[in-house]
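# Fold and geometry: a report
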Amino acid sequence: MGMAKMRVRFFLIAAVLLSCRAAFAAGAADGLVKSSSLSRDSILIGDQTVWNLELETDAGDTVLILPYSATLQLDTTGAKVEAVSDFVLDTVSLKGGKCLLNAKILLTSFDSGAYRLPQPLLVVAGDGGADTLGVESPLLTVGTLQIDTAQYQIKDIKGNVRYPLTFKEIVLYILIVAAVVAAVFLVIRYIRYRREHKDFFGRPLVQDPPHIVALRKLDKIRSEKLWQSGKEKQYYTGITDALREYIQKRYGVGAMEMTSAEILESLKDKQIEARPYEELDELLKTADLVKFAKFSPDTAANEEAVPKAVRFVNSTFMQELEQEKEVK
């Protein structure tokens, strides 16, 4: 069924070609085809060349080109040429009521010889009717490589050629390896020095004594005036956290994870003076009520919270100094 349709199509195209053949000369005489040339008039087998046509028509005319592949199949001159892609029309310029068009087609051949290209069928339709354009067909020469069979010898396939690596080819890999080694070295150095309480350059880190750290934090809490602005919970949380951190570093107990009762119990055997111990007890209980029971202490209790914490820190620090003197 498909072969029958193809034959009908070819017969129709052939009929159009035969009916229009007489008008080629008249169209060429009108000078509508300005030029006809090949990008290369001599190629090797399998190479490609472009056939360029320049056409000039009236601005309102329509130009039609029948498929060149069909023209080649109906050709009787024996030109063994194939169309890689068919004609493509493009408008180059439009001046003075005239339109300059460019038509291109890509051709190839796989048989050596000299071939006169079959004329394409170009139809121009305008106000005065339709007309065909005659095209000067160029000559295409298809050559082949000549082999000297007398001296030609078949040789074995050569093995892969191995070229030595150059520094330019491996410098990127060297830099990547160096960067990875440097990064690993710096990370190990940082972790080790952090464990030894040293800075990045190996110098010992100077750490303030626990009582200095605690007093500095308590002074900051006092200056922020939190309870005066209604932030009593934040106020007492800051005071107790400073005391917990101090007790943990001073006595070596896990005060940060203990309840207030557990902290007081762990300090009973530390020989702390009675008044600082009692003030710590009162301060921790008040802080628990504020944080967990939404208790609101009076002004006097709020004003005494930081001084009580400061007295506890100073008292226990002085006790530590006295113990060190006794040991000496």
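So, how was this worked out
Residues numbered from 1 in each chain as written. Predicted model: local features only at pLDDT ≥ 70, side-chain atom pairs only at ≥ 80, totals over all residues. Heavy atoms only, no water. Pairing = 2+ DSSP bridges. Helix = DSSP H or I, 4+ residues; strand = E, 2+ residues; numbered from the N terminus. Axes fitted to C-alpha atoms, helices over the stretch in contact; angles between N-to-C directions. Expected span 1.5 Å × (residues − 1). Bend = angle between axes of the 7 residues up to and from the residue. Buried < 20%, exposed > 50% of the residue type's maximum accessible area, 1.4 Å probe, protein only. Polar contact = N/O pair within 3.5 Å; in protein donor to acceptor, adjacent residues only side chain to side chain. Contact = heavy atoms within 4.5 Å. Salt bridge = Lys/Arg side-chain N within 4 Å of Asp/Glu carboxyl O. pLDDT = per-residue confidence, 0-100.

### Concerning the sheet that holds strand 1 (residues 33–38)
Strand pairing within a sheet occurs via backbone hydrogen bonds; the two strands may be parallel or antiparallel. As summarised here, the arrangement of the four strands in space is 1-3-6-5, forming an open sheet in which the pairing is antiparallel. This sheet does not close on itself; its edge strands, each paired only once, are strand 1 and strand 5 (82–95). Taking the axes of each pair of neighbouring strands and ignoring which way they run, one obtains an average angle of 15 degrees across the sheet. The pairing of strand 1 with strand 3 (residues 48–58) spans five bridges and is antiparallel. Note that in strand 3 the partner of Ser37 across the bridge is Asn52.

### Structural notes on helix 9 (residues 299–327)
Compared with an ideal rise of 1.5 Å per residue, which puts 29 residues at 42 Å, helix 9 spans 43 Å between its outermost C-alpha atoms and is within 8% of the ideal. Of all the bends in helix 9, the greatest, near 35 degrees, is centred on Ala305, and the proline Pro307 appears no more than four residues after it. Taken together, the buried positions of helix 9 are Asn302, Ala305, Val306, Lys308, Ala309, Val310, Phe312, Val313, Ser315, Thr316, Phe317 and Gln319.

### A word on the side chain of Ser109
Mapped onto the elements, Ser109 comes out in the loop between strand 6 (98–108) and strand 7 (113–116). Looking at Ser109, the relative accessible area reads 0%, which means it is buried. Among the polar contacts made by the side chain of Ser109, one reaches the main-chain carbonyl oxygen of Asp111 at a distance of 3.2 Å. Not counting chain neighbours up to four residues away, the residues in contact with Ser109 comprise Ile45, Gly46, Asp47, Lys80, Val81, Tyr115 and Val142.

### Side note on the side chain of Ser266
Position of Ser266 among the secondary structure elements: in helix 7 (residues 260–266). Here Ile263 takes part through its backbone oxygen, which lies 2.7 Å from a polar atom of the side chain of Ser266. Residues in contact with Ser266, not counting those within four places in the same chain, are Val253 and Met258.

### Examining unusual backbone geometry
Phi is positive for Lys225, close to 50 degrees, though the residue is something other than glycine. Note on placement: Lys225 falls in the loop between helix 5 (210–224) and helix 6 (232–251).

### Some words on the pattern of salt bridges
Counted under the stated rule, the structure contains twelve salt bridges. For Lys98, the salt bridge is made with Asp58, and the minimal N-O distance between the two is 2.7 Å. Here Asp58 lies in strand 3 and Lys98 lies in strand 6, a separation of 40 residues in the sequence. Overall, Lys98 belongs to the partly exposed group, its relative accessible area being 35%. In this structure Asp58 comes out as partly exposed when scored by relative accessible area, which is 38%.

### Side note on the sheet that holds strand 7
Read across the sheet, three strands follow the order 2-10-7 without closing on themselves; strand pairing throughout is mixed. Edge strands, defined here as strands with exactly one partner in the open sheet, are strand 2 (42–44) and strand 7. If you compare each strand with its neighbour and ignore which way they point, the axes differ by 25 degrees on average. For strand 7 and strand 10 (residues 139–143), the ladder comprises four bridges, and the chain directions are antiparallel. Its bridge partner lying in strand 10, Ala114 is registered against Thr141.

### Points about the confidence of the model for the protein
For the protein, per-residue confidence averages 83 on the pLDDT scale, and residues scoring 70 or more make up 88% of the total. Confidence drops under pLDDT 50 across residues 1–31; counting only partners more than four residues distant or on other chains, this segment forms 27 contacts.

### Overview of helix 6
Since there are 3.6 residues in each turn of an α-helix, residues three or four apart along the chain are aligned in direction. Relative to the 28 Å expected for 20 residues at 1.5 Å per residue, helix 6 spans 28 Å between its end C-alpha atoms, a close match to the ideal helical length. Among all positions in helix 6, only Glu232, Tyr235, Tyr236, Ile239, Thr240, Ala242, Leu243, Arg244, Tyr246, Ile247, Arg250 and Tyr251 are buried. Those residues of helix 6 hidden inside the fold are in contact with helix 5, helix 7, helix 8 (274–293) and helix 9.

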